[in-house]
Amino acid sequence: MKKWRCLVCDFVYDEAKGVPEEGIAPGTRWEDVPDSWTCPDCGAAKSDFVMEEID
Amino acid sequence: MTTATLSAPAWTDKKRYLWLLGIVVMGLPLYGYGLYLWTGLSLFFWTTPVIVYTLIPLFDRLIGEDESNPPDGIMAALAQEKYYRYVVFAAIPAQYLSFIGGTYLAVRGDLVWYQWLGLLVSVGMTSGLAINIGHELGHQTSKLERWLAKIALAPVMYGHFYVEHNRGHHVRVATPEDPATSRFGESFYEFLPRCVYGSIKSAWEIEKQRLEKQGKSVWSIENDNLQAWAITVALFAAVTAWLGWWALPFMIVQGAYGGSLLEVVNYLEHYGLRRQRKADGSYERCQPHHSWNSNHTATNIFLYHLQRHSDHHANPTRSFQTLRNFEGVPRLPNGYAGMIVVAYLPWLWFRVMDPKVVQHFGGDMSKANIKPSIRDRILAKYGSATA
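Residues numbered from 1 in each chain as written. Chains lettered and ligands numbered in written order. Predicted model: local features only at pLDDT ≥ 70, side-chain atom pairs only at ≥ 80, totals over all residues. Heavy atoms only, no water.

Draft legend 1. Representation of the overall build of chain B. Scanning chain B from N- to C-terminus turns up 17 helices and 0 strands. Taking 387 residues into account, the globule formula puts the C-alpha radius of gyration at 21 Å, and chain B, at 21 Å, falls close to it. Principal-axis analysis of the C-alpha atoms gives chain B an extent of 65 × 60 × 50 Å. Across the 387 residues of chain B, 55% fall into the buried class. (Helix = DSSP H or I, 4+ residues; strand = E, 2+ residues; numbered from the N terminus. Rg over C-alpha atoms; globule rule 2.2 N^0.38 Å. Buried < 20%, exposed > 50% of the residue type's maximum accessible area, 1.4 Å probe, protein only.)

Draft legend 2. Examining the overall build of chain A more closely. Within chain A, the regular secondary structure consists of 0 helices and 3 strands. Starting at the N terminus and walking to the C terminus, you meet the elements of chain A as β-β-β. Against the globule reference of 10 Å for 55 residues, chain A gives a C-alpha radius of gyration of 10 Å, in line with a compact fold. Seen along its three principal axes, the alpha-carbon backbone of chain A occupies a region of about 30 × 25 × 15 Å.

Draft legend 3. Looking closely at the packing of aromatic side chains. As enumerated under the stated definition, the model contains 34 aromatic pairs over all chains in all. With centroids separated by 6.5 Å and ring planes inclined at 45 degrees, the aromatic side chains of Phe-11 of chain A and Trp-37 of chain A adopt a geometry described as tilted. A residue pair is termed long-range when its members are at least 10 positions apart, and Phe-11 of chain A in the loop between β1 (3-6) and β2 (12-14) and Trp-37 of chain A in the loop between β2 and β3 (49-52) qualify at 26 residues. An aromatic cluster is defined as three or more aromatic residues linked by ring pairs; in this entry it consists of Tyr-53, Phe-184, Phe-188, Tyr-189, Phe-191, Tyr-267, Tyr-271, Tyr-344 and Trp-349 of chain B. (Phe/Tyr/Trp six-rings, centres within 6.5 Å; stacked < 30°, edge-to-face > 60°.)

Draft legend 4. Region of the structure containing the confidence of the model for chain A. Taken residue by residue, chain A gives an average pLDDT of 88. The fraction at 70 or more is 96%. Ranking the helices and strands of chain A by mean pLDDT puts β2 of chain A first, with 93, and β3 of chain A last, with 87. (pLDDT = per-residue confidence, 0-100.)

Draft legend 5. Spotlight on unusual backbone geometry. Residues and elements named next belong to chain B. With a phi close to 50 degrees, Tyr-304 is a non-glycine residue in the positive phi region. As for its placement among the helices and strands, Tyr-304 is situated in the loop between α13 (297-302) and α14 (309-314). Of note, His-305 is a non-glycine position whose phi angle comes to about 60 degrees, a positive value. Structurally, the position occupied by His-305 is in the loop between α13 and α14.

Draft legend 6. Spatial organisation of the environment of Gly-43 of chain A. By secondary structure assignment, the location of Gly-43 of chain A is in the loop between β2 and β3. Overall, Gly-43 of chain A belongs to the buried group, its relative accessible area being 6%. Residues Gly-43 of chain A and Cys-9 of chain A lie 34 residues apart in sequence; the distance between their C-alpha atoms is 9.3 Å. Here Gly-43 of chain A is in contact with Thr-38 of chain A together with Ala-314 of chain B, once residues within four sequence places are set aside. (Contact = heavy atoms within 4.5 Å.)

Draft legend 7. Quick peek at the nonpolar core. If you look at the biggest cluster of nonpolar residues, it comprises 90 residues, and the most contacted ones within it are Ile-133, Trp-349 and Met-365 of chain B. The element best represented in this core is helix α6 (residues 82-108) of chain B, accounting for 12 residues. Residues in contact with Met-365 of chain B, not counting those within four places in the same chain, are Phe-184, Val-357, Val-358, Ile-370, Ile-378, Leu-379, Tyr-382 and Gly-383 of chain B. Core analysis: the next-biggest nonpolar cluster, separate from the first, contains 15 residues, Val-8, Cys-9, Tyr-13 and Phe-49 of chain A among them. (Core = buried A, V, L, I, M, F, W, Y, C linked by side-chain atoms within 4.5 Å.)

Draft legend 8. The pairing of β1 of chain A, seen in detail. Residue and element names in this part refer to chain A. Here β1 shows a buried face lined by Trp-4 and Cys-6 and an unburied face lined by Lys-3 and Arg-5. The loop that links β1 with its antiparallel partner β2 comprises 5 residues; one of these, Asp-10, has a positive phi angle of about 75 degrees. Note that β1 and β3 share 4 bridges and pair antiparallel. Residue pairing across strands places Arg-5 opposite Val-50, the latter belonging to β3. (Pairing = 2+ DSSP bridges.)

Draft legend 9. Local environment of helix α4 (residues 47-63) of chain B. All names here are of chain B. For α4, spanning 17 residues, the distance from its first C-alpha to its last is only 21 Å, which falls clearly below the expected 24 Å at 1.5 Å a residue. At Leu-55, α4 is bent by approximately 35 degrees, the largest bend along its length, and proline Pro-57 sits one to four residues beyond. Of all the positions in α4, only Thr-47, Thr-48, Pro-49, Val-52, Ile-56, Pro-57 and Asp-60 are classed as buried. Against the buried residues of α4 lie α3 (28-39), α7 (113-138), α13 and α15 (336-343). (Expected span 1.5 Å × (residues − 1). Bend = angle between axes of the 7 residues up to and from the residue.)

Draft legend 10. Spotlight on the packing of α6 of chain B against helix α8 (residues 143-153) of chain B. All names here are of chain B. Here α6 crosses α8 at 30 degrees, and the two axes come no closer than 11 Å. Accordingly, the angle class assigned to the pair α6 and α8 is roughly parallel. The handedness of the crossing between α6 and α8 is left-handed. Residues Arg-85, Phe-89, Ile-92, Gln-95 and Tyr-96 of α6 lie in contact with α8, whose contacting residues are Leu-144, Glu-145, Leu-148, Ile-151 and Ala-152. Its residues placed into classes, the contact of α6 with α8 shows 7 nonpolar, 1 polar and 2 charged. (Axes fitted to C-alpha atoms, helices over the stretch in contact; angles between N-to-C directions. Parallel < 35°, antiparallel > 145°, perpendicular 65-115°, else oblique. Left-handed = near helix turned anticlockwise from the far one by under 90°. Nonpolar A, V, L, I, M, F, W, Y, C, P; charged D, E, K, R; others polar.)

Draft legend 11. Representation of the environment of Gly-198 of chain B. Topologically, Gly-198 of chain B is positioned in helix α10 (residues 188-213). When the C-alpha positions of Gly-198 of chain B and Leu-43 of chain B are compared, they lie 37 Å apart, and in sequence the two are 155 residues distant.

Structure representation (structure tokens):
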């Protein structure tokens, strides 16, 4: 499971957690998140997310 | 594959070379001084504010609006084209020439007070306009551009904008929690202190949280606010060491005035607009109808399409040359340049803009972002639901 960070506002999409309130179930991999999905905090597009290193 | 693009209808960016005017504008205080030397007329010290406050709004009126968008097929290539990056980069040396040259003249130029004041407003104006350059660059993802953003923000003492704008304003835009979103019934003069104070406080807290998560102190050298402010301190110290103490008040006051220019633009970008809360209490996403837009050509050129503000909030990392006009979004009657003059006159602002806000919400002002002290009165006046 990976984490993806919004380049604009630092919101983190955690594949393990998903975003259940938006219909994205826990465990949804990033590539399976719809392309039309946007950052819940600032509205940035999916392409504005980058993989976040997890230590 | 690549040959396919050759058969596509040729599209040229009509504004391509006009973007160079962004560099020209940054030198205005110096051309004003040049015209003064040439003609002996002190009036020319005021060239910059006269152009921004009167000529650009006039051009917006005369030239009108450009609603055209680049075709979708060309967007990716257009966004990648280096030319547009360099046009923005090149405005920064011009900005610094005006700032340093202007401060030099203010201290050593042996000016009369009305010349000095004109120069102060002119230099402050270019510093304020440069926040727009810092804004464009601060949204990009490369290290170089993000550093240049901090450098563009240094003469105007607004380094915290780098933090607050992306991670504060873009998250809370068009909500009562956003210091940089003005409320219905709030004059510019009420908005200004609330926004300045709220933005600095928010920028500090955003960095504090980020650094604490990494187990670091807010006073760490990695604090983006401290880094950006440090450039201002170093710059002002160097100029003061060179020109003497009289440089310092000039730089500080021009910076304060420049900052107020950003805030007056903030004031009109989201006036009265509000995102609605969803059932779970969180706000709906920022949508095109949460920003005031303008397609007025003259202002759009010298503000790098900032007025295509809905697209900017929907796609914050989209670079200026690719920003699009949307149909059906809230639109201002003039460009931002003309509207800031209106914002300076609250009675006129309310007369022009309040009916537009009421119309936007179809009369249902319960959906608007209203100044808390007048909320009940406004709701009683318009009814909370006239449907």
